[in-house]
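Breakdown of the fold
Residue-level listing of the chains:
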Amino acid sequence: MSIAELTGIDGPTGLLIGGEWGKGADTFPVFDPATEEPLAEVANGTVSDGLDAVGAAQAALPGWAATPPRQRAEVLRRAFELMTARSEQFARLMSAENGKSLRDARGEAAYAAEFFRWYAEEAVRIEGTLMRAPSGANRILTTRQPIGVSLLITPWNFPAAMATRKIGPALAAGCTVVLKPAAETPLTALALADLLAEAGAPAGVVNVVTTTSSGRVCAAMMDDPRVRKLSFTGSTEVGRILLGQAAKSVLNCSMELGGNAPFIVFDDADIPAAVEGALIAKMRNGGEACTAANRFYVHDAVADEFIAAFSARLKSMVVGPGLDEATDVGPLVNEDTRSKVASLVDGATADGAALITGGRAPQRRGYFYEPTLLDGVAADSAILSTEIFGPVAPVVRFTDEADAVRLANATEFGLVSYVFTRDLRRGLRVSEALDAGMIGLNRGLVSDPAAPFGGVKQSGLGREGGHEGLLEYTETKYIATDW
Ligand code: NAP
């Protein structure tokens, strides 16, 4: 079946540079992780394509920056409406190239569109300040200006939302962009760029370069002085490389990197609510989320009850192709991801963990792995210090609040932490003590376009979403004024 028949979107597969769709000199295949079969051939951008895209973004910058905020907002608002009208096609496209279940993909289509709506509303709220200098000699006036051409690099796990979370605020602020999506999932990004053109984004405001040479193409763009901003979402490992490269031109960077989220269940928690929260925090997107709960710290007094209820729910989940309506858990994105997940589980059981459910890759085509629950995981098991990125929940029991906080914080990551307790004093005390940019307090989901999303420590720099997300694409200009 063709991609258009599968998804309802007969989207572009070329490079979008300066409002023109180009073929590129070469192509690369995109695979369906449920069948391992190729879905489409996409243009393989080169260094010169990347630099042309930067040139197109630079040429479009003065016009877009000068466009009245209300007009920029209206383009984003139309993009929201178009994406909402086509949410089912976008969901199917994401499911086809990423593998996620339709339920997850529908959730992502709505979440991704919401960034266009939120930033349509924020585009008209770029404020400055005015104050009298303490000496009384003059006034201090500040304004916010668009930072300029922005390079946006996105991962494969949320092919739509990670792109709209960057494009929305960048366009709202008056910046023009070059988007470099992950090679595993370029089709959604290309369809989004097409939609933005239809919504009225002028030629050159949004450019897309797909490539299998991301290192070389992005390095050349980052070295180009016309690029003034890098916004990256992906692994901490690649984030470190990019930060090193950005140092050369002192490029403004926003970094949304990896996570290793603890999920703490206290003995006074509402256990059914904690299990529901665990299912969302662990199983949304099949565990392939930076916010995925990676380590479950459960108080010994409630651990048996929590594990029994959680494992019953995991066992009942249907594993299958994302495009099947019955599927709860789709395949992982590729074989590397699945073998990494399998080896972490094998390592944990070899270190003494008990396998409560799962622990196997089903015998079928596609990169599937069963929902898995491990109990009694050894403190030094690699699974507790590595981002699993799969449907595997390792449980460690604790008895003391201070120990739980110490264990939760014993990582170089600090994106999100989850806390379940009925005691609000404890909930807020522990939330303050956890080294994380975000806390889910009696909630398994924190992502919200209206909220500042981001991490501390090696989980990143800066915030996306909310008003903060808009400010990342602006520079403050201070004008010392006398009158
Ligand atoms: P990744 O391997 O770091 O890749 C992310 C993006 O960077 C892709 O577009 C990739 O392109 C590109 N890339 C890889 N090497 C590069 C280089 N040397 N120079 C420039 N670009 C390069 O991450 P992933 O496997 O796609 O995504 C999973 C990771 O993203 C996880 O660690 C997850 O936690 C993190 N993530 C974080 C957030 C957050 O908001 N904090 C959200 C989602 C995901 P190619 O794939 O084409 O090489």
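First, a word on what this report is: a plain description of the structure on this page. Owing to the predicted nature of the structure, the values given are computational and were not obtained by experimental measurement. (Residues numbered from 1 in each chain as written. Predicted model: local features only at pLDDT ≥ 70, side-chain atom pairs only at ≥ 80, totals over all residues. Heavy atoms only, no water.)

**Here's the deal with the overall build of the protein chain**
We apply this condition: Starting at the N terminus, helices and strands are each numbered in turn, a helix being any DSSP run of H or I of at least four residues and a strand any DSSP run of E of at least two. Radius of gyration means the value over C-alpha atoms here, while the globule rule gives 2.2 Å times the residue count to the 0.38 power. Whether a residue is buried, partly exposed or exposed follows from its accessible area with a 1.4 Å probe, protein chains only, as a fraction of its type maximum: under 20%, in between, or over 50%, in that order. Any two residues whose heavy atoms approach within 4.5 Å are treated as being in contact. Lys and Arg are tallied as positive, Asp and Glu as negative. Neither His nor the chain termini are counted. For the purpose of locating charges, the reference atoms are NZ of Lys, CZ of Arg, CG of Asp and CD of Glu.
Within the protein chain, the regular secondary structure consists of 16 helices and 20 strands. Taking 23 Å as the expected radius of gyration for a compact globule of 483 residues, we find that the protein chain reaches 23 Å, a close match to that expectation. Considering only C-alpha atoms, the protein chain reaches an extent of 70 × 65 × 40 Å along its principal axes. Scored against the burial criterion, the 483 residues of the protein chain give a buried share of 57%. Contacts in the protein chain between residues at least 24 apart in sequence constitute 73% of all its contacts with a sequence separation of at least 6. Distance from the positive charge centre (44 side chains) to the negative charge centre (59 side chains) of the protein chain: 5 Å.

**Quick word on the layout of surface pockets**
Basically, it comes down to this: Put simply, the grid is 1 Å and covers the protein atoms alone, a cavity is a trapped set of points that fit a 1.4 Å probe, a pocket is an open set with protein on both sides within 12 Å along at least five of seven lines, and lining residues have an atom within 4 Å of a point. Grid points are joined across faces, edges and corners, and a volume is the space filled by probe spheres set on the points. Under this grouping Gly is polar, as are all residues other than the nonpolar Ala, Val, Leu, Ile, Met, Phe, Trp, Tyr, Cys and Pro and the charged Asp, Glu, Lys and Arg.
Taken as a whole, the largest pocket spans an internal volume of roughly 1,000 Å³. Lining the largest pocket are 40 residues, and of these W156, F232, G234, S235 and V238 sit closest to its centre. Counting only elements with at least two residues in the lining of the largest pocket, the list comes to α8 (214–223), β10 (227–233), α9 (236–249) and α12 (335–350). Element by element, the count of residues in the lining of the largest pocket is highest for α9, at six residues. Looking at the lining of the largest pocket residue by residue, the class counts come to 17 nonpolar, 15 polar and eight charged.

**A closer look at the site of the ligand**
Note the following rule: A single heavy atom is enough: if one lies within 4 Å of a molecule or strand, its residue is considered near that molecule or strand. We get accessible surface area from the Shrake-Rupley algorithm with a probe of 1.4 Å; when it comes to residues, only the shown protein chains can shield them. To decide whether a molecule occupies a pocket or cavity, check its atoms: if more than half lie within 2 Å of the grid points, it is inside.
The full set close to the ligand counts 31 residues, and T154, R165, S235, L257 and E387 are the nearest of them. In isolation the ligand offers 890 Å² of accessible surface; the protein chains occlude 87% of this area. When atom positions are compared with the pocket grids, the ligand is found to occupy the largest pocket. Only α6 (161–173), α8, β10 and α9 provide two or more residues apiece to the shell around the ligand. Looking at the shell around the ligand residue by residue, the classes come out as 16 nonpolar, ten polar and five charged.

**Points about the sheet that holds strand β20 (residues 474–481)**
Strand pairing in a sheet is mediated by backbone hydrogen bonds. Such pairs are either parallel or antiparallel. For the record, the criterion: Only when DSSP finds a minimum of two bridges between them are two strands counted as paired. An axis is simply a line fitted to the C-alpha atoms; with a helix, the fit covers only the stretch in contact. Between two such axes, the angle follows the N-to-C directions and lies from 0 to 180 degrees.
With respect to topology, three strands assemble into an open sheet ordered β5-β6-β20, the strand pairing being antiparallel. Only two strands of the sheet have a single neighbouring strand rather than two, namely β5 (129–132) and β20. The average angle at which neighbouring strand axes cross in this sheet is 20°, direction not considered. For β5 and strand β6 (residues 139–146), the ladder comprises four bridges, and the chain directions are antiparallel. Note that in β6 the partner of L130 across the bridge is L141.

**Observations regarding the side chain of E256**
The condition is simple: Pairs of N or O atoms within 3.5 Å make up the polar contacts considered here, provided that, within protein, one atom can donate a hydrogen while the other can accept it, and that residues adjacent in sequence are counted only when both atoms are side-chain atoms.
Mapped onto the fold, E256 is located in strand β11 (residues 252–256). Within the local environment of E256, its side chain forms a polar contact with the backbone nitrogen of E464, the two atoms lying 3.5 Å apart. Setting aside residues no more than four positions away along its own chain, E256 makes contact with R165, F232, T233, G234, L415, F453, G454, G455, S459, G462, R463 and E464.

**Concerning the state of the cysteines**
Put simply, the rule is: Note on terminology: disulfide denotes any pair of cysteine sulfur atoms within 2.5 Å.
Counting across every chain of the model gives zero disulfides. C218 supplies the cysteine sulfur nearest to C253, a cysteine that is in no disulfide, at a spacing of 12 Å.

**Side note on the pattern of salt bridges**
Counted only if it meets this: Every case where a carboxyl oxygen of Asp or Glu lies within 4 Å of a side-chain nitrogen of Lys or Arg is listed as a salt bridge.
In the structure shown here, the tally under the stated rule is 25 salt bridges. Among the ionic pairs, R117 bridges to E114, the shortest N-O distance being 2.9 Å. Of the two residues, R117 and E114 are both situated in helix α5 (residues 102–122); the distance of three residues between them amounts to about one turn of the helix. What makes E114 partly exposed here is its relative accessible area of 26%. Between E472 and K229 there is a salt bridge, with its nearest N and O atoms 3.8 Å apart. Of the two residues, E472 is situated in the loop between α16 (466–471) and β20 and K229 in strand β10; the sequence distance between them amounts to 243 residues. You'll find E472 and K229 in the same group, each marked buried. Among the charged side chains, a network of salt bridges with common partners joins D267, D268, E401, R426 and R429.

**A short note on the environment of A450**
Summarising the element assignment, A450 is placed in the loop between β18 (438–441) and β19 (460–461). In this structure, the C-alpha to C-alpha distance between A450 and H467, residues 17 residues apart in sequence, is 7.5 Å. Ignoring any residue separated from it by four or fewer positions in sequence, one finds A450 in contact with W118 and G466.

**Structural notes on unusual backbone geometry**
Backbone geometry places N285, a non-glycine residue, at a positive phi of 60°. As for its position among the elements, N285 is in the loop between α10 (271–283) and β13 (293–299). In this model, K457 sits at a positive phi of 50°, which is unusual for a non-glycine residue. Structurally, K457 is set in the loop between β18 and β19.

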